[in-house]
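# Examining the three-dimensional arrangement
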Amino acid sequence: DLLVEKSNETKLHSKRIRDMSVKLGKAAGLSASQLDELSLTATLHDIGKIAVPQDILKKKGTLTEKEWDIVKRHPETGYRIASATPELAHVADYVLCCHERFDGTGYPHRLKGEDIPIVCRIILIADAYDVMTHDRVYRKAITKDEAIEELKRCSGTHFDPKLIDEFIDIIGVKGVKKE
């Protein structure tokens, strides 16, 4: 497990994203096979970060443009890793698209709206929520309520508005256990 070698936090982050993604996937009506792909992709979505230098990943300040360009290449690295691994090849395209944004401003291919696979639109939401609600080297966590407000603010731009509403219902009513 290459990601776990980089950081135990990465392992916990991947588990939280997987769990939230599967809950949202079920609420969105994904089939059993789609849920399996979602679970695997959520676990692997950042596998390409193994090629990003640690000093960039753990940098406390703002990334330079050059450093940000290096980070933005991780989905393509992840795609190549997944493509080259027979057990993962079927989710390689999803690994590539997990940082696309609903309004087409994401990366690496600037996909927009429903052109972004639903698996990736789900993971983007779960990932954003988890990053906001857990401490990072570059900033402190915000509260669940603040994170929900940010998700709402970015609904339709970063995130699929239908999925945002479902996600807020899931975390607001049923609650997602914070680890």
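This report concerns the structure included in the present document.

Each value, and the rule that gives it
- Residues numbered from 1 in each chain as written.
- Predicted model: local features only at pLDDT ≥ 70, side-chain atom pairs only at ≥ 80, totals over all residues.
- Heavy atoms only, no water.
- Buried < 20%, exposed > 50% of the residue type's maximum accessible area, 1.4 Å probe, protein only.
- Helix = DSSP H or I, 4+ residues; strand = E, 2+ residues; numbered from the N terminus.
- Arc of directions from axis to C-beta.
- Contact = heavy atoms within 4.5 Å.
- Phe/Tyr/Trp six-rings, centres within 6.5 Å; stacked < 30°, edge-to-face > 60°.

## Regarding helix α9 (residues 144-153)
- Among all positions in α9, only Ala 147, Ile 148 and Leu 151 are buried. Burial along α9 is one-sided: seen end-on, the buried residues are contained in an arc of 100 degrees. Opposite the packed face of α9, turned more than 90 degrees from it, sit the exposed residues Asp 145 and Arg 153.

## Considerations on the environment of Ile 56
- In this structure, Ile 56 sits in helix α4 (residues 54-57).
- Residues Ile 56 and Trp 68, spaced twelve residues apart in sequence, show a C-alpha to C-alpha distance of 8.6 Å.
- When residues no more than four places from it in sequence are discounted, the contact partners of Ile 56 are Leu 63, Glu 67, Ile 70 and Val 71.

## Topic: the packing of aromatic side chains
- Taken as a whole, this structure holds two aromatic pairs when the rule is applied.
- Plain terms: the ring middles of Trp 68 and Tyr 107 are 6.0 Å apart, the flat faces sit at 80 degrees to each other, and that makes the pair edge-to-face. With Trp 68 in helix α5 (residues 65-72) and Tyr 107 in the loop between α7 (92-97) and α8 (118-132), this pair connects stretches of sequence that are 39 residues apart.
- Aromatic side chains Tyr 129 and Phe 167 sit 5.4 Å apart centroid to centroid with 70 degrees between the ring planes, which places their arrangement in the edge-to-face category. Here Tyr 129 is found in helix α8, whereas its partner Phe 167 is found in helix α10 (residues 161-174), with 38 residues between them in sequence.
- For Phe 167, a relative accessible area of 1% translates into the label buried.

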